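Given next are the chains, with one letter for each unit.
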Amino acid sequence: LLLLPSYNIFNSQKSHLTTTGGLLATDFDEESCMSRYHQSSLRKPSPYKPSTTLVSKLRSYEMLHKRCGPNTDAYKRATKRLGYNNDVITNSNGDECRYVVWTPMFGLGNRILSMVSVFTYALMTDRVMLVDHRNDITDLFCEPFPGTSWLLPSDFPLTDQIDSFNRTHSHCYGTMLKNHHAVNSTTTPSHLYIDIFHDSRDHDKMFFCEENQAFIKNVPWLVVKSNLYYAPSLWLIPSFQTKLINLFPQRDTVFHHLSHYLFHPTNQVWGMVTRSYNAYLSRADEVIGLQIRVFSTPSGYFQHVMDQIVSCTQREKLLPELATTGSSQVMNITKTPKLKAVLVTSLHPEYSDELRNMFLERPSLTGEIVEVYQPSGERIQQTDKKVHDQKALAEIYLLSLTDKLVTSTRSTFGYVAHGLGGLKPWILYEPRHQKAPDPPCVRAMSMEPCSLKAPISVCQAETIKTTPFVKYCEDRITGIKLV
Ligand code: GDP
């Protein structure tokens, strides 16, 4: 791994653990997952420190996971209860382990957001989070919890059913509510399927009600499918809010801290990150990230999107304006002009080609040198193809290492990048009628991801009014975010 020339592993490890404020567990083998220790050499220290309550909650979560995780007696007992008679069980004595299973849905950004949400829920409810890894999660991330595994064992009794869990399934919680399926105090289902999507039904959204949580609490196994960042909705459950305020006195740091805690790219992905960083970004005085996601069909290069990017970056003084060719307008020409590196990520390579040409053909008015770099241009989304997903993850991390970031409206890829980076991005508005919007972009209120299509239920209508730190998103008025 190419890093700093005189790299001292011991110092880097020590400094990383200090800069993360005790967030990360220490007892890991460094060689097997370099990113865990080496991020601090690329990343400026985060100004956001985790609270001592969060740090101790994570340590106690790790103990819980060790006690209940795969291959433990507790896990074996819990899976046995999913056996033949898996419809109802009598109430357990409360000592048994309870679990929440995360499953991968939609693209990488959606997956990362839903996983942080599931983990936030696990912390709130003292459940153990296990991940369905039949896709390529092990090619992307290292194990986050020491001395145990977060991977759902392949002989998990419900494995064959996971794919069939949907809104019509008899164990779908929303469907059970809709059908007035008996939900009484003496019997409890051994498992429930929880459906949290942008288009979930009102009955599914009842998951976010206090009284429904009181019932769900006793269900040993939950399997969640989601494409959303629904942590903001958890803040609107009153008893959860009380706990969350203690864990996150700075409300808008939930994703930032938990993503740093959970996600450690594998050595292969980290190699991609460091090679790009050292080759193209490390020498720049300032690095600007540009994440360009085009949602229109067909997707591709559009002049109005290019105009919007130029207009936003110049108006917000992120990139310099250009002088006319051969003119004497250029200011501040010094022997060592300031170097700005622009990291572009997009499925389409044409945007960075165009930008590179712009700064090649004409000098910048400020005399700054602008260097444009795009690591990949995959053209089409190929989720679940190993190297495609690894490149996507590497680019999300590279974006998170920039000094200033421009992202595209309602893109979860961009949300993850700015949340990880602790950055308040400039968000490009959605173009309408093939025209660059005016204004082209808006500065985000906070670094938190937006919960696109907030699953606000009737029971939360009151809480949202009295929770000033949950606001409607800048780029999506039907979404909510923590600020
Ligand atoms: P969203 O669709 O923008 O919300 O983001 P997702 O990450 O959920 O899904 C988009 C997927 O398309 C990504 O996971 C990648 O597989 C691919 N993709 C989109 N934009 C980029 C990009 O800038 N770089 C790379 N390498 N892949 C991208």
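Each value, and the rule that gives it
- Residues numbered from 1 in each chain as written.
- Predicted model: local features only at pLDDT ≥ 70, side-chain atom pairs only at ≥ 80, totals over all residues.
- Helix = DSSP H or I, 4+ residues; strand = E, 2+ residues; numbered from the N terminus.
- Rg over C-alpha atoms; globule rule 2.2 N^0.38 Å.
- Buried ≥ 20, exposed ≤ 12 C-beta atoms within 10 Å, placed from the backbone.
- Contact = placed C-beta atoms within 7 Å.
- Pairing = 2+ DSSP bridges.
- Axes fitted to C-alpha atoms, helices over the stretch in contact; angles between N-to-C directions.
- Core = buried A, V, L, I, M, F, W, Y, C linked by C-beta atoms within 7 Å.
- Domains from an automatic or database assignment.
- Nonpolar A, V, L, I, M, F, W, Y, C, P; charged D, E, K, R; others polar.
- Near = placed C-beta within 6 Å.

(A) Highlighting the overall build of the chain. When helices and strands are tallied, the chain shows 19 helices and 14 strands. Since a compact globule built from 483 residues should have a radius of gyration of about 23 Å, the 24 Å found for the chain is in line with a globular shape. Its C-alpha atoms give the chain principal-axis dimensions of about 85 × 55 × 40 Å. Relative to its full complement of 483 residues, the chain shows a buried share of 45%. For the chain, restricting intrachain contacts to residue pairs at least 6 apart in sequence, the fraction spanning at least 24 positions comes to 76%.

(B) Helix α13 (residues 254–262), seen in detail. Of all nine residues making up α13, eight are buried, and the element is well covered by its neighbours. Those residues of α13 that fall on the buried side of the exposure criterion are V254, F255, H256, H257, L258, S259, H260 and Y261. Lining the buried residues of α13 we find α3 (52–68), α5 (108–125), α11 (231–235), α18 (412–421) and β14 (480–482).

(C) Representation of the sheet that holds strand β11 (residues 426–428) in the model. Within the open sheet, the six strands sit side by side as β9-β8-β7-β10-β11-β12. Their pairing is mixed. The outermost strands of the open sheet, each flanked by one partner alone, are β9 (369–373) and β12 (441–443). The sheet shows a mean angle of 20° between the axes of neighbouring strands, taken without regard to direction. Bridge count between strand β7 (residues 286–292) and strand β8 (residues 339–346): seven bridges; the pairing is parallel. Each residue of the ladder has a partner; that of L290, found in β8, is V344. Docked against the sheet, helix α15 (residues 303–315) engages β7, β10 (404–408), β11 and β12, running at close to 160° with respect to β11.

(D) Spotlight on the nonpolar core. Grouped together as the largest cluster of nonpolar side chains are 123 residues, with contacts concentrated most on V101, V116, M129, I194, V223, V342 and L343. Of all the elements, α5 adds the most residues to this core, at ten residues. Both domain 1 (52–262) and domain 2 (267–449) contribute no fewer than three residues apiece to this core. In contact with V116, not counting residues within four places along its chain, are Y229, A231, F255, L258, S259 and L262.

(E) Fine view of the domain arrangement of the chain. Taken domain by domain, the chain consists of domain 1 (52–262) and domain 2 (267–449). The straight-line distance from the C-alpha centre of domain 1 to that of domain 2 is 35 Å. When residues of the side of domain 1 that touches domain 2 are traced back to their parent elements, those giving at least two are α5, α6 (137–140) and α13. Here the element with the most residues in the side of domain 1 that touches domain 2 is α5; it accounts for five residues. For the side of domain 1 that touches domain 2, the residue count by class is seven nonpolar, six polar and three charged.

(F) Summary view of the site of the ligand. G107, L108, G109, S411 and T412 are the nearest of the 20 residues found near the ligand. Secondary-structure elements contributing two or more residues to the shell around the ligand are α5, β8, α17 (386–400) and α18. It is α17 that provides the largest number of residues to the shell around the ligand, a total of four residues. Residues that form the shell around the ligand fall into these classes: five nonpolar, eleven polar and four charged.

(G) Structural context of the pairing of strand β6 (residues 221–226). Judged by how many residues are buried, β6 sits mostly within the fold: six of six residues are covered. With four bridges joining them, strand β2 (residues 99–102) and β6 adopt parallel strand pairing. Looking at β6, one finds that V101 is bridged to V223.

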